[in-house]
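As a plain string of letters, each chain reads:
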Amino acid sequence: MPSPADATEPLPDVVADVLSRWWGFDRLRPLQAEAIAAALAGRDSLVVMPTGGGKSLCYQLPPLVGDTTDVVISPLVALMKDQVDALEAIGYPAAALHGGMSQEERAGVRDRLAAGEVRLLFAAPERLVNSGLLDLLARVGVKRFAVDEAHCISHWGHDFRPEYRQLAMIRERFPSASLHAFTATATPRVRDDIVRQLNLRDPVTLVGTFDRPNLVYRVVPRTDRIAQTLAILGRHKGEASIVYCISRKETERLAERLAAEGLLAKPYHAGLTATERHRTQEAFTRETIDVVVATVAFGMGIDRSDVRLVLHTSLPKSLEAYQQETGRAGRDSLAAECVLLYSSADVFSWESLVRKSAAESELDPEEQEEVIASGLEHLHAMRRYAQAARCRHAALSEYFGQPYPGNACGACDVCLGETGSLPDATVTAQKIISCVARVQERFGVRHVCEVLRGAKTDAIQRYRHDQLSTYGLLAAFDQRTAENLVHQLLDQELLARTAGDRPVVVLNDRSWEVLRGAREVVLLEPRATKAKPSKADADDWQGVDRDLFERLRRWRRRVAESRGKPAWTILDDKALRAVARERPDSPAALLRCKGIGEKRLADFGGDILDIVTGGRGE
Ligand code: ADP
Ligand code: ZN
């Protein structure tokens, strides 16, 4: 079993030095200090930290201390490139090797490696194992390997990648090197699997806090995807937002609609060409568009530290995925909002997708069963989260194995008192259930609701459903709202639905209890939320000269554009707000602003001071 951290030795002074010189940070977060101590001591480690927790620094800092060459395995090219960009912006010698590079580019990186010029090499797993690269790394004397997104090695995780399995060979090839696994997935089964698969030796295990206090979580019953999306985006004009959808088609349709409303929005999914994706990604990071509409399966490459809204228009397939995707909000630790539009219709789509993708995989039948069981387990945890009317921060923390202190976070729809319940829910439920009985449990959600609303469709006329006593009982609701109510009943298992391509709604024992009046029903009122501002949001703007902040942002956009780099790698929002709050009037004062290190002072100090003092910089 992994032992708890025993890295109590104080870190050498040089660490604090490196941290402020290169990054402009004044201190390490507690877990970072321990992870860095383990790395410097050459001790294996397993670091579990939520997205935004600061994992990257744990493997970026150590090679600067002893001028070593370290290797990071990362699953996604886009993430690698962003990190290399961000590191280059502070003058850090980093490089990447992946399939998307030309022969020459790869040769160039190999030369720099051989010359000992690279401190950190990012490599895709298949690159690492399928090439003469290993020999080169051995010659350079690599002593530390970090495996990012290490849960990808386990099929108990939510994002299994078979190519990660080959990483087991690192231990054999480099017996004296230390291995450091990083993940945001916290279930014990996945952790144990990582330790076993990577063959970690008595690793220091460090588990971070999963709660993200700067995020406000909301779950809203989905009634009208587009209208609700527009209303929510309306709270974030001119701010970076990510909107997640389930299918490629939806991302395109929605992005088009948003663009028609005058929003700077683009779709992003695996069906686009690499060039198209790249263009959108860059437009987003350089702040020339505000909104990216992405598929949940493919949002990982889009990264910007000042994302103020993450909106899920469909259900993610697991809380791990949700945590990771919402983790892209507010990475600068300033207040941000995460909204989930929920309909249980998505649960059914995911269930069939989980089965289908397992069946189409190359796994053997027994493994397929395991992958399906694991997929459904993850899905149902997600559904329980969406349905429960309890504090979202508490629910998320507890899922990731951490009790949540207190009982009112002040930063979720439940604690802010935004969730309303439908008056007369039991009577409404009885009307719906008896209609399902009257149509003889042979129709789907849509038809049942059309009958309840008193619609005049061909099917209703053909089956004479306008003669039923339940016809028109819910005429006061529109179709979407009625369907949402039926889905809420399905979620609470007060109604059931058959499997297959054309599911029909049927009764179960609990439906009869409701009809007999033996069971009270609570339904959420499906309405657009009146979002209340959270305390965190007000705090983050405390004392900030907004006008100055916007001027600094415009300057940053121009610098990003001319350098062809993501804007946040130039300077993130937190640093900009610090400047707009402190209004420094000298290089020394500027250096005291969080996020400004020596390299940035040298690169941009003059410009920034000009803007602050109202001079030419702009
Ligand atoms: P992760 O990889 O865990 O998702 P990152 O490494 O991207 O998270 O870090 C998240 C944010 O926190 C980044 O904006 C980073 O600059 C900032 N950060 C990390 N460590 C520190 C620190 N010690 N002090 C201040 N900011 C930090
Ligand atoms: Zn709460």
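All figures in this text were calculated on a predicted structure; none of them were measured in a lab.

Colleague: Can you help me understand the site of ligand 1 in this one?
Modeller: The environment of ligand 1 is formed by 14 residues, the closest being Arg27, Gly52, Lys55, Ser56 and Arg331. Arg27 places a polar main-chain atom, nitrogen or oxygen, 2.8 Å from a nitrogen atom of ligand 1. Within the backbone of Gly54, an N or O atom sits 3.0 Å from an oxygen atom of ligand 1. In the complex, the protein chains occlude 82% of the 570 Å² of accessible area that ligand 1 would expose alone. For the shell around ligand 1, the leading source of residues is helix H3 (residues 55–60), giving three residues. Split into classes, the residues belonging to the shell around ligand 1 amount to four nonpolar, six polar and four charged.

Colleague: Honestly, the coordination of the zinc ion (ligand 2) in this entry has me stumped. Any pointers?
Modeller: Reference values for angles at a metal are 109.5 degrees in the four-donor tetrahedral case and 90 or 180 degrees in the six-donor octahedral case. Protein coordination at the zinc ion (ligand 2) comes from Cys391 (SG), Cys409 (SG), Cys412 (SG) and Cys415 (SG), with a distance range of 2.3 to 2.4 Å. Taken together, the four donor atoms surrounding the zinc ion (ligand 2) define angles of 103 to 120° at the centre, an arrangement classified as tetrahedral. Read from N- to C-terminus, the donor residues coordinating the zinc ion (ligand 2) fall into the pattern C-x17-C-x2-C-x2-C. Here Cys391, found in the loop between helix H16 (365–387) and helix H17 (392–399), pairs with Cys409, found in the loop between H17 and helix H18 (425–438); they are 18 residues apart in sequence, far enough to count as distant. Taking the relative accessible area as the measure of exposure, Cys409 reaches 19% and is therefore buried.

Colleague: Would you mind showing me how to read the nonpolar core here?
Modeller: In globular proteins that are soluble, nonpolar side chains generally tend to be buried together. Counting 84 residues, the largest nonpolar core has Leu128, Leu137, Phe145, Ile170, Leu315, Leu340 and Tyr385 as the members making the most contacts within it. No other element matches H16, which puts seven residues into this core. Three or more residues apiece are contributed to this core by two domains, here domain 1 (13–207) and domain 2 (215–399). Those residues in contact with Leu315 that sit more than four places away from it in its chain are Ile246, Leu340, Tyr342, Asp346, Val347, Trp350, Leu379, Met382 and Ala386. One finds Val18, Phe182, Val204 and Leu206 within the second-largest nonpolar core, a separate group that totals 31 residues.

Colleague: Please clarify how the pairing of strand E9 (residues 215–221) should be interpreted in this entry.
Modeller: Working note: regular strand, side chains alternate between the two faces of the sheet. Among the seven residues that make up E9, seven are buried, leaving the element largely enclosed by the rest of the structure. With burial as the criterion, each face of E9 is covered, one bearing Leu215, Tyr217, Val219 and Pro221 and the other bearing Val216, Arg218 and Val220. Two elements, E9 and strand E14 (residues 336–342), share seven bridges in a ladder whose sense is parallel. For Leu215, the partnering residue across the bridge sits in E14 and is Ala336.

Colleague: What's the story with the pattern of salt bridges in this structure? I'm lost.
Modeller: Opposite charge on two side chains allows them to pair when their charged atoms are near. In the structure shown here, the tally under the stated rule is 30 salt bridges. The closest approach of N and O atoms between Glu287 and Arg553, which form a salt bridge, is 3.7 Å. Here Arg553 lies in helix H24 (residues 546–563) and Glu287 lies in the loop between helix H13 (274–285) and strand E12 (291–295), a separation of 266 residues in the sequence. Among the residues examined, Glu287 registers a relative accessible area of 5% and is labelled buried.

Colleague: Can you help me understand the packing of aromatic side chains in this one?
Modeller: Each pair of aromatic rings is reported with the distance of its centres and the angle of its planes. According to the stated counting rule, one finds 11 aromatic pairs in the structure shown. Among the aromatic side chains, those forming a connected cluster through ring pairs are Trp22, Trp23 and Tyr92. The ring of Tyr385 carries the charged tip of Arg392 above its face, separated from the ring centre by 5.7 Å.

Colleague: Quick question: what am I supposed to make of the pairing of strand E7 (residues 178–183) here?
Modeller: Of all the six residues making up E7, six are buried; the element is thus mostly covered by neighbouring parts of the structure. Here E7 shows a buried face lined by Ser178, His180 and Phe182 and a second buried face lined by Leu179, Ala181 and Thr183. With four bridges connecting them, strand E2 (residues 45–48) and E7 associate as parallel partners. Following the sheet pairing, Leu46 is matched in E7 by Ala181. Where strand E6 (residues 144–147) and E7 come together, four bridges link them in parallel fashion. Each residue of the ladder has a partner; that of Ala146, found in E7, is His180.

Colleague: Explain H13 here, please?
Modeller: An α-helix turns once every 3.6 residues. As a result, residues three or four positions apart point the same way. Its 12 residues place the ends of H13 16 Å apart at the C-alpha level, agreeing with the 16 Å of an ideal helix rising 1.5 Å per residue. For H13, every residue scored as buried is listed here: Arg277, Thr280, Gln281, Ala283, Phe284 and Thr285. Next to the buried residues of H13 lie helix H5 (77–89), strand E10 (240–245), strand E11 (265–268), E12, strand E13 (307–312) and helix H25 (567–570).

Colleague: Mind showing me how you'd approach the environment of Glu337 here?
Modeller: On the secondary structure map, Glu337 appears in strand E14. The class of Glu337 is buried, set by a relative accessible area of 5%. Separated by 90 residues in sequence, Glu337 and Ser247 place their C-alpha atoms 23 Å apart. At 2.6 Å, the side chain of Glu337 and the side chain of His236 are in polar contact.

Colleague: Would you take a moment to explain the packing of helix H11 (residues 225–233) against helix H12 (residues 248–260) for this structure?
Modeller: Running from N to C, H11 and H12 cross one another at 55°; their axes reach a closest spacing of 11 Å. Considering their axes alone, H11 and H12 lie oblique with respect to each other. Between H11 and H12 the crossing geometry is right-handed. Taking contact as the criterion, the partners of Arg225, Ile226, Thr229, Leu230 and Leu233 in H11 are, on H12, Glu250, Leu254, Arg257 and Leu258.

Colleague: Explanation requested: the domain arrangement of the protein chain in the structure shown.
Modeller: Interface extent is often summarised as the accessible area lost during association of the parts. For the protein chain, the assigned domains read domain 1 (13–207), domain 2 (215–399), domain 3 (425–515) and domain 4 (541–612). Between domain 1 and domain 2, the C-alpha centre-to-centre distance is 27 Å. Opposite the 19 residues of domain 1 that make contact, domain 2 presents 20 residues. Each partner contributes to the roughly 1700 Å² buried at the junction of domain 1 and domain 2, and carbon and sulfur atoms together form 55% of this total.

Colleague: Teacher, can you tell me more about the confidence of the model for the protein chain here?
Modeller: Should pLDDT be low for a region, the predicted coordinates there are not to be read in detail. Chain-level pLDDT for the protein chain is 88 on average; 95% of the residues reach the 70-or-more range. Confidence, read as mean pLDDT per element, is least for strand E1 (residues 3–4) in the protein chain (41) and greatest for E6 (98). When the criterion is pLDDT under 50, residues 1–8 qualifies, and its contacts beyond four places in sequence or with other chains add up to 17 contacts.

About the cut-offs
- Residues numbered from 1 in each chain as written.
- Chains lettered and ligands numbered in written order.
- Predicted model: local features only at pLDDT ≥ 70, side-chain atom pairs only at ≥ 80, totals over all residues.
- Heavy atoms only, no water.
- Near = heavy atom within 4 Å.
- Polar contact = N/O pair within 3.5 Å; in protein donor to acceptor, adjacent residues only side chain to side chain.
- Areas by Shrake-Rupley, 256 points an atom, 1.4 Å probe, with all protein chains shown as cover.
- Helix = DSSP H or I, 4+ residues; strand = E, 2+ residues; numbered from the N terminus.
- Nonpolar A, V, L, I, M, F, W, Y, C, P; charged D, E, K, R; others polar.
- Donors = N, O, S within 2.8 Å, 3.2 Å for Na, K, Ca; no water.
- Tetrahedral: all angles 85-135°; square planar, octahedral: opposite > 155°, others 65-115°.
- Buried < 20%, exposed > 50% of the residue type's maximum accessible area, 1.4 Å probe, protein only.
- Core = buried A, V, L, I, M, F, W, Y, C linked by side-chain atoms within 4.5 Å.
- Domains from an automatic or database assignment.
- Contact = heavy atoms within 4.5 Å.
- Pairing = 2+ DSSP bridges.
- Salt bridge = Lys/Arg side-chain N within 4 Å of Asp/Glu carboxyl O.
- Phe/Tyr/Trp six-rings, centres within 6.5 Å; stacked < 30°, edge-to-face > 60°.
- Lys NZ or Arg CZ within 6 Å of the ring centre and 35° of its normal.
- Expected span 1.5 Å × (residues − 1).
- Axes fitted to C-alpha atoms, helices over the stretch in contact; angles between N-to-C directions.
- Parallel < 35°, antiparallel > 145°, perpendicular 65-115°, else oblique.
- Left-handed = near helix turned anticlockwise from the far one by under 90°.
- Buried area = accessible area lost by both parts, 1.4 Å probe.
- pLDDT = per-residue confidence, 0-100.

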